[in-house]
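Results of the structural survey
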Amino acid sequence: MLRMTKEKLDVIIFGATGFTGKYTVFEAASVLGNLRWGIAGRNQAKLQSILEEMGAKAKQNLMDTPIVIADVGNEASLLAMAQRCRVLVNCCGPYRFFGEPVVRACIEAGTHHVDVTGETQFMESMQLKYHAKAQERNTYIVSGCGFDSIPSEIGILYAEKNFDGTINSVETYLKTVRKRSPKSAGIHYGTWESLIHAIGHLHELKDIRPKLFSEKLPKFQPKAQRRPPIFKSEVVDRVCLPFPGPDSAVAARTQRFRYQFERKRPAQVNSFVAFGSWIEAIIVGFMAIVYGIMAQFSFTRKLLLDYPRLFTFGFVSHEGPSEIVMNNTHFSFTIKALGWPKSSNLAEPTDQYKDAPNKSVVVKVSGTNPGYGATCVALLSTAVTILKESDKMPSTGGVLTPGAAFAKTSIIEELQKHEHGLKFEVLNK
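It should be emphasised that the depicted structure is a prediction, and the values quoted were computed from it without experimental measurement.

Before going further, it helps to examine the sheet that holds strand E10 (residues 238–242). Read across the sheet, seven strands follow the order E9-E10-E11-E7-E13-E14-E16 without closing on themselves; strand pairing throughout is mixed. Of all strands in the sheet, those bounded by a partner on one side alone are strand E9 (231–233) and strand E16 (423–428). Strand-to-strand, the axes of this sheet are offset by a mean angle of 35°, without reference to chain direction.

Spelled out as structure tokens, the structure:
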């Protein structure tokens, strides 16, 4: 029987009736195991319907799952929700519009917060505004816990664990294989909306970053290999473009944090996306330029948002991809780390190597259904890791990247436990 709750829960999934939220509920049935968890949103009837639908899909009775009513427009309800759990899993985006009140409520309640945003401006502005406050409350606020940017962030950690030396530079290559019916979209409108707003407001980073990164890092040599705008990579034997997602920006924050607090020499990280042919890469690159220009102006940005099917040739829709398409979408991140063997380690991280990097390792992180399967498992796995291993995380709390928050935990093992989780493997050492 459906029940409201006042009990303290381990996890609450907020925004459970959204597209990503409902699949997070489905994955929670297995990932959260014996933890006490509930769901939250504005509409009790819709929340009950999600429990019924996802319970049937998971072949479990979820109708006793506690429900909390909360609305991003009602800060008192957000605080009450945050006070009822130890970790809040926030699926309510776009985060530039709906994320900050939830972060603020979690910090006030002393409740940890994880989300799936790939919106760089949101992540960095939250760190600028709330890092010190989160530390005061010993609270972890960790964004980018889905496809953006867990495979990249934790993949780099996995490369480090298998490197046994000092890494100078990292390249990540995303490859996606999708079997899509002409009648089915590839991504849900909510993902598209967040992306277009993020691209359209990139200029905000010019104001955020000088304040957030007021101290410059030392210059480390040698500089990472400079790749042209389009190139065929010897690492993956595919034609590549710069990856337009937040992975490089998130990785830069991770490397800065670990240098400042762990005295670890920061690696230079560059992210790319790989294609099967020059023609495919050129077409995608051209479309990315068009979207980038259109997103800069309010009128054309509105066109992109109002007519997503038209401008993406059916790839984006309000209905989202079918389950057949999602389950037939596979991805991999090939990650190459280049540096020096342990025998060449320097006394201080600011010291400079005299020799060129001469050691490398290549690893791969792979999975299925990146947007709504692997993303949901990754998100929930970060919540589980906070609950079980907060003693291995930075002791002060704060607004952190996944790589900074989980570097010393067993999150790699946690991510590999589940059916729609991630696979980690060493390709070349």
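Having seen the model, we can carry on.
Further remarks concern the packing of aromatic side chains. A full pass over the atoms with the stated rule returns 14 aromatic pairs. Between the aromatic rings of phenylalanine 147 and phenylalanine 331, the centroid separation amounts to 5.2 Å while the plane-to-plane angle is 85°, which identifies the pairing as edge-to-face. You can see phenylalanine 147 sitting in the loop between strand E6 (140–142) and helix H6 (150–161) and its partner phenylalanine 331 sitting in strand E13 (residues 329–341), a full 184 residues away along the chain. Both residues of the pair, phenylalanine 147 and phenylalanine 331, count as buried.

Quick look at the nonpolar core now. With 102 residues, the main nonpolar core has Ile13, Phe14 and Val25 as its most contacted residues. Discounting chain neighbours no more than four positions away, the residues touching isoleucine 13 are Gly21, Thr24, Val25, Ala28, Trp37, Gly38, Ile39, Ala40, Val89, Cys91 and Leu380. Trp192, Met294, Val316 and Tyr372 belong to the second-largest nonpolar core, a separate cluster that totals 16 residues.

On to the pattern of salt bridges. If you walk through the whole model with that rule in mind, you get 20 salt bridges. Among the ionic pairs, glutamate 100 bridges to arginine 104, the shortest N-O distance being 3.5 Å. Linking glutamate 100 with arginine 104, this pair stays in helix H4 (residues 95–109), spanning four residues, or about one helical turn. Ionic pairing is found between lysine 264 and glutamate 160, a salt bridge with its closest N-O pair at 3.3 Å. One end of the pair, lysine 264, is in the loop between helix H9 (247–262) and strand E11 (268–275); the other, glutamate 160, is in helix H6, with 104 residues separating them in the sequence.

Glancing now at unusual backbone geometry. That bond from glycine 93 to proline 94 is cis: its omega, -5°, falls within 30 degrees of zero. Within the fold, proline 94 resides in the loop between strand E4 (85–90) and H4. The peptide bond linking aspartate 148 to serine 149 adopts the cis configuration, its omega dihedral lying at 5°. One non-glycine residue, asparagine 138, adopts positive backbone phi at about 50°.

This brings us to a nonpolar patch on the surface. On the surface, Ile289, Ile293 and Phe297 cluster together into a nonpolar patch covering about 330 Å² of accessible area. If you trace the backbone, isoleucine 293 turns up in helix H10 (residues 278–294).

Let us now look at the sheet that holds strand E5 (residues 112–115). Strand order in the open sheet formed by seven strands is E3-E2-E1-E4-E5-E6-E15, with parallel pairing between adjacent strands. Since the sheet does not close on itself, it has two edges, and those belong to strand E3 (67–69) and strand E15 (398–400), each with one partner. The mean inter-strand angle of the sheet, taken between neighbouring strand axes irrespective of direction, is 20°. Across four bridges, the pairing between E4 and E5 is parallel. Of the residues in E5, the one forming a bridge with valine 89 is valine 114.

Turning our attention to the environment of aspartate 10. Note that aspartate 10 resides in strand E1 (residues 9–14). Judged by relative accessible area, which is 5%, aspartate 10 ranks as buried. With 27 residues separating them in the primary sequence, aspartate 10 and tryptophan 37 have C-alpha atoms 5.7 Å apart. Every residue in contact with aspartate 10, bar those within four places of it in the chain, is listed here: Leu35, Arg36, Cys85, Arg86, Val87 and Leu387. A polar atom in the side chain of aspartate 10 sits 3.1 Å from the side chain of arginine 86.

When two helices pack together, their arrangement is given by the angle between the helix axes and by the axis-to-axis distance. Where H6 meets H9, the axes come as close as 10 Å, and the angle between the chain directions of the two elements is 50°. Judged by the inter-axis angle, H6 sits oblique to H9. With respect to the hand of their crossing, H6 and H9 are arranged in right-handed fashion. Listed contacts from H9 to Ser152, Glu153, Ile156, Leu157 and Glu160 of H6 are Asp247, Val250, Ala251, Thr254, Gln255 and Arg258. Among the residues forming the contact of H6 with H9, the class breakdown is four nonpolar, three polar and four charged.

This paragraph deals with the pairing of strand E14 (residues 359–368). Sheet topology note: the E13/E14 ladder contains 10 bridges and is antiparallel. Note that in E14 the partner of phenylalanine 333 across the bridge is valine 365.

The rules behind these values
- Residues numbered from 1 in each chain as written.
- Predicted model: local features only at pLDDT ≥ 70, side-chain atom pairs only at ≥ 80, totals over all residues.
- Heavy atoms only, no water.
- Pairing = 2+ DSSP bridges.
- Helix = DSSP H or I, 4+ residues; strand = E, 2+ residues; numbered from the N terminus.
- Axes fitted to C-alpha atoms, helices over the stretch in contact; angles between N-to-C directions.
- Phe/Tyr/Trp six-rings, centres within 6.5 Å; stacked < 30°, edge-to-face > 60°.
- Buried < 20%, exposed > 50% of the residue type's maximum accessible area, 1.4 Å probe, protein only.
- Core = buried A, V, L, I, M, F, W, Y, C linked by side-chain atoms within 4.5 Å.
- Contact = heavy atoms within 4.5 Å.
- Salt bridge = Lys/Arg side-chain N within 4 Å of Asp/Glu carboxyl O.
- Patch = residues over 30% accessible without salt bridge, like charges linked within 9 Å, V, L, I, M, F, W, Y side chains within 5 Å.
- Areas by Shrake-Rupley, 256 points an atom, 1.4 Å probe, with all protein chains shown as cover.
- Polar contact = N/O pair within 3.5 Å; in protein donor to acceptor, adjacent residues only side chain to side chain.
- Parallel < 35°, antiparallel > 145°, perpendicular 65-115°, else oblique.
- Left-handed = near helix turned anticlockwise from the far one by under 90°.
- Nonpolar A, V, L, I, M, F, W, Y, C, P; charged D, E, K, R; others polar.

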